[in-house]
Amino acid sequence: MDKNTMAAFRKLEDGPASPRSSGFLGDEDSAGKGALSKMKRNLAAADWKVFSFMMVNFFSSAGIVITNKLLMERFHFNFATTLTFIHFVCTFVLLLTVSAFGLYQMKELPLGPTSKLAATSMGFVLLTNLSLQYNSVGFYQIMKVMTTPMIVLIEAVLYKKFLERKLRFALLPICLGVILTASTDFR
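Below is a summary of the structure that appears in this document. Here the residue numbering is sequential within each chain, running from 1 through the sequence in written order. With the structure being a predicted model, the display of local features is reserved for residues of pLDDT at least 70 and the display and counting of side-chain atom pairs for 80 or more, all residues being used for whole-chain, interface and lining totals. With hydrogens and water set aside, each side-chain value is computed from the structure's full complement of heavy atoms.

1. Observations regarding the overall build of the protein
Link 1 in the chain: Per the convention used, a helix needs a DSSP run of H or I reaching at least four residues, while a strand needs a run of E reaching at least two, with both numbered from the N terminus. Secondary structure summary: the protein contains eight helices and zero strands in total.
Link 2 in the chain: Listing every helix and strand of the protein by position from the N terminus yields α-α-α-α-α-α-α-α.
Link 3 in the chain: Within the protein, the fraction of its 187 residues that count as buried is 18%.
Link 4 in the chain: Working rule for contacts: check all heavy atoms of both residues, and any pair within 4.5 Å makes them a contact. For the protein, the proportion of contacts with a sequence separation of at least 24, taken over those separated by at least 6, is 55%.
Link 5 in the chain: The Shrake-Rupley method, run with a 1.4 Å probe, gives the accessible areas here. Residue values count only the displayed protein chains as cover. Counting every atom, the protein has about 14,200 Å² of accessible surface; 69% of that belongs to carbon and sulfur. Partly exposed describes any residue whose relative accessible area lies between the buried limit of under 20% and the exposed limit of over 50%, with all areas from a 1.4 Å probe on protein chains only and scaled to the type maximum.

So this is what it looks like as structure tokens:
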């Protein structure tokens, strides 16, 4: 870790009252500089480990989608539920492995709320694998982008939870992009 990152960690540990807290990251007490200082701290605290995990997540997700599509189209393995089961078993084994190396900490959670979340997540993965089986990879990815707007819609209709106006407007370009892209994706 370089000197600047270490200084950022020291500042975060010491808090704003520390004599070491001025200098490198700016003065928190200056008018208008609090947000900039916070952003500098966040950037300085990000390290190679976080970036590495993000890249592993990105490439493994893309690899899984491409592999699934290859299995379904080229090898005619049309069992999306079985693929989902294999993914969950592999994820479980991988989490046990990284937990053994201390990179991941297992936690005990209450069974009721956790099982509802787990069932919903498994249903999501099963349905996305079925979508991949019957659609092109491009269409599949575009429809996955619609997950967030659909969750917002479901929360509004079923639970009467509404996003603030500027967040709803932020979803408009996503929806318009999906409409434009999906309308040109013919298999």
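There is more to say after this.
2. Quick look at the packing of helix 5 (residues 111-134) against helix 6 (residues 137-145)
Link 1 in the chain: Interaxial distance between helix 5 and helix 6 falls to 9 Å at its minimum, and their mutual angle equals 150°. Considering the angle they form, helix 5 stands roughly antiparallel to helix 6. Seen from above, helix 5 lies across helix 6 with right-handed handedness. Contact with helix 5, carried on its side by F124, T128, S131 and L132, involves V137, Y140 and K144 of helix 6 and no other residues of that element.
Link 2 in the chain: Three classes are used: nonpolar for Ala, Val, Leu, Ile, Met, Phe, Trp, Tyr, Cys and Pro, charged for Asp, Glu, Lys and Arg, and polar for all others, with Gly counted as polar. In terms of residue class, the contact of helix 5 with helix 6 is built from four nonpolar, two polar and one charged. Only the stretch in contact is used when a helix axis is fitted, and all axes are lines through C-alpha atoms; the angle between N-to-C directions ranges over 0 to 180 degrees. In this scheme, roughly parallel covers angles under 35 degrees and roughly antiparallel covers those over 145, while 65 to 115 is roughly perpendicular and the rest are oblique. A crossing counts as left-handed when the near helix is turned anticlockwise from the far one by less than a right angle, and as right-handed when that turn is clockwise.

3. Observations concerning a nonpolar patch on the surface
Link 1 in the chain: Patches draw on residues past 30% relative accessible area with no salt bridge. Two like charges within 9 Å are joined, as are two nonpolar side chains (Val, Leu, Ile, Met, Phe, Trp, Tyr) within 5 Å. Any Lys or Arg side-chain nitrogen found within 4 Å of a carboxyl oxygen on Asp or Glu counts as a salt bridge. Among the surface-exposed residues, F53, F85, I86, V89, F92, V93, L95, L96, F101, L103, Y104 and M106 lie close enough to one another that they form a single nonpolar patch of about 1,200 Å² accessible area.
Link 2 in the chain: The greatest single-element share of the nonpolar patch, amounting to seven residues, is contributed by helix 4 (residues 80-100).
Link 3 in the chain: Looking at the element boundaries, M106 is found in the loop between helix 4 and helix 5.
Link 4 in the chain: The exposure class assigned to M106 is partly exposed, which follows from its relative accessible area of 47%.

4. Structural notes on the packing of aromatic side chains
Link 1 in the chain: Stacked, edge-to-face and tilted labels apply to pairs of Phe, Tyr and Trp rings (six-membered ring for Trp) whose centres lie within 6.5 Å, assigned for plane angles under 30 degrees, over 60, and everything in between, in that order. For the coordinates displayed, the defined rule picks out two aromatic pairs.
Link 2 in the chain: With a centroid separation of 5.0 Å and 80° between ring planes, the pair formed by F58 and F59 is classed as edge-to-face.
Link 3 in the chain: An angle of 75° between the planes, with centres 5.2 Å apart, marks the rings of F77 and F79 as edge-to-face.
Link 4 in the chain: For F77, a relative accessible area of 27% gives the class partly exposed.

5. What to know about helix 7 (residues 147-159)
Link 1 in the chain: An expected span of 1.5 Å times one less than the residue number is assigned to each helix. If you check helix 7, its first and last C-alpha atoms are 17 Å apart, about what 13 residues at 1.5 Å a residue would give, namely 18 Å.
Link 2 in the chain: Where helix 7 is concerned, the buried positions are P149, V152 and A156. The arc enclosing the buried residues of helix 7, seen along the axis, measures out at 60°, which places them on a common side. Counted as exposed and oriented over 90 degrees from the buried face of helix 7: V157, L158 and Y159.
Link 3 in the chain: Backbone geometry just after helix 7 places K160 at a positive phi near 55°. What the arc measures is the spread of directions leading from the helix axis to the C-beta atoms.

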